[in-house]
Amino acid sequence: MRLDPRAPLVLSTKELGRQPGSARSLELSVTAPTNLGIELIGVPEGSPVELQLRLEAVAEGVLVSGRARAVLAGECARCLGAVASQLEAPIQELYVYPDRAIDGVDDARLEGDLLDLEPALRDAVVLALPYRPVCRPDCPGLCPVCGARLADQPRHAHDGDTDPRWSALAALGSNEAGARTGEDEE
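In this text the structure is predicted, and so the values were computed from the model without any measurement.

Caption draft 1: Expanded view of the overall build of the protein chain. When helices and strands are tallied, the protein chain shows two helices and nine strands. Evaluated residue by residue, the protein chain yields a buried proportion of 28% over its 186 residues.

Caption draft 2: Examining the pattern of salt bridges more closely. Enumeration over the complete set of coordinates arrives at ten salt bridges. With its nearest N and O atoms 3.8 Å apart, the salt bridge here joins Glu15 to Arg24. Classification of Glu15 as exposed rests on a relative accessible area of 64%. According to the relative accessible area criterion, Arg24 is buried, its value standing at 18%. Note that Arg136 and Asp138 form a salt bridge whose closest N and O atoms lie 2.7 Å from each other. Assessed through its relative accessible area of 54%, Asp138 is described here as exposed. The network of salt bridges with shared partners includes Arg67, Arg69 and Glu88.

Caption draft 3: Representation of the side chain of Arg24 within the structure. By the secondary structure assignment, Arg24 is in strand S2 (residues 23-31). With residues up to four places along the chain from it excluded, the contact list for Arg24 reads Ser12, Glu15, Leu16, Leu53, Arg54 and Leu55.

Caption draft 4: Structural detail: the pairing of strand S5 (residues 48-57). Burial of the side chains of S5 is restricted to one face: Val49, Leu51, Leu53, Leu55 and Ala57 are buried, whereas none of Pro48, Glu50, Gln52, Arg54 and Glu56 on the reverse face is. In this sheet, S5 lies alongside S2 in antiparallel orientation, the contact comprising nine bridges. Counted as the bridge partner of Glu27 is Gln52 from S5. Sheet topology places S5 next to strand S6 (residues 61-75); nine bridges connect them, and they run antiparallel.

Caption draft 5: Main features of the state of the cysteines. Inspection of the entire model under this criterion finds zero disulfides. Cys76 takes part in no disulfide bond, and the closest cysteine sulfur to it belongs to Cys79, at a distance of 3.8 Å. Taking relative accessible area as the criterion, Cys76 reaches 0% and is therefore assigned buried. Cys146 forms no disulfide, and the closest cysteine sulfur to it belongs to Cys143, at a distance of 3.8 Å.

Caption draft 6: Highlighting helix H1 (residues 118-128). Where H1 is concerned, the buried positions are Ala120, Leu121, Ala124 and Val125. Along the long axis of H1, the arc covered by the buried residues comes to 125°, so they all point the same way. Buried positions along H1 lie against strand S3 (36-37), strand S4 (41-43), S5, S6 and strand S7 (82-96).

Caption draft 7: Examining the environment of Val126 more closely. The residue Val126 is located in helix H1 in this model. Residues within four places of Val126 in sequence aside, it is in contact with Gly37 and Ile38.

Caption draft 8: Representation of the nonpolar core. Residues Val49, Leu51, Leu53, Leu55, Ile91, Leu115 and Leu117 are the most contacted members of the largest nonpolar core, which totals 37 residues. In this structure, Leu51 is in contact with Leu9, Leu26, Glu27, Leu28, Val30, Arg67, Ala68, Ile91, Leu117 and Leu121, ignoring residues within four places of it in sequence.

Caption draft 9: Expanded view of the side chain of Thr13. Here Thr13 lies in the loop between strand S1 (10-12) and S2. The exposure class of Thr13 is buried, given its relative accessible area of 4%. Leaving out residues up to four positions away in the same chain, Thr13 has contacts with Leu55, Val62, Leu110, Asp113, Leu114 and Leu115.

Conventions adopted
Residues numbered from 1 in each chain as written. Predicted model: local features only at pLDDT ≥ 70, side-chain atom pairs only at ≥ 80, totals over all residues. Heavy atoms only, no water. Helix = DSSP H or I, 4+ residues; strand = E, 2+ residues; numbered from the N terminus. Buried < 20%, exposed > 50% of the residue type's maximum accessible area, 1.4 Å probe, protein only. Salt bridge = Lys/Arg side-chain N within 4 Å of Asp/Glu carboxyl O. Contact = heavy atoms within 4.5 Å. Pairing = 2+ DSSP bridges. Disulfide = S-S within 2.5 Å. Arc of directions from axis to C-beta. Core = buried A, V, L, I, M, F, W, Y, C linked by side-chain atoms within 4.5 Å.

Structural data, given as structure tokens:
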């Protein structure tokens, strides 16, 4: 598969040459690729992703390091309400020159003077996402009985909140109380 130099996340390293120590800095704004997230939260497809990168030639290839900033959208793991926040994720990836690559090792590789930043961006963003995003740290979640959103109804309650699995024990307790009352009368 050949890289398309016009793709937004394909970067040229031509001006670095192969001289270790040569570097260049880039600031890019690209649109987010598809599926840049996990089940509950992610970067919406097509939204802007701001990249601050440093490309540095090293003996083995080109080291790309920097940061990605993006807006996140998703749903709260507790109450299923909307979650929106900012994400800043560090990026660091070594792109190995084709003649320096080791067979059997799945390194990121340069294709000529081009590198594909998308896999490194995806890894950095997904690893920086919260596993269980919440709309606020003290989100009370949903009512386990009816599913009502407890943040909207802070005084939410149900009559007879007894778990039906405890009904036999409750009946045993009332029989024992009756037996004690009968003993006291004798």
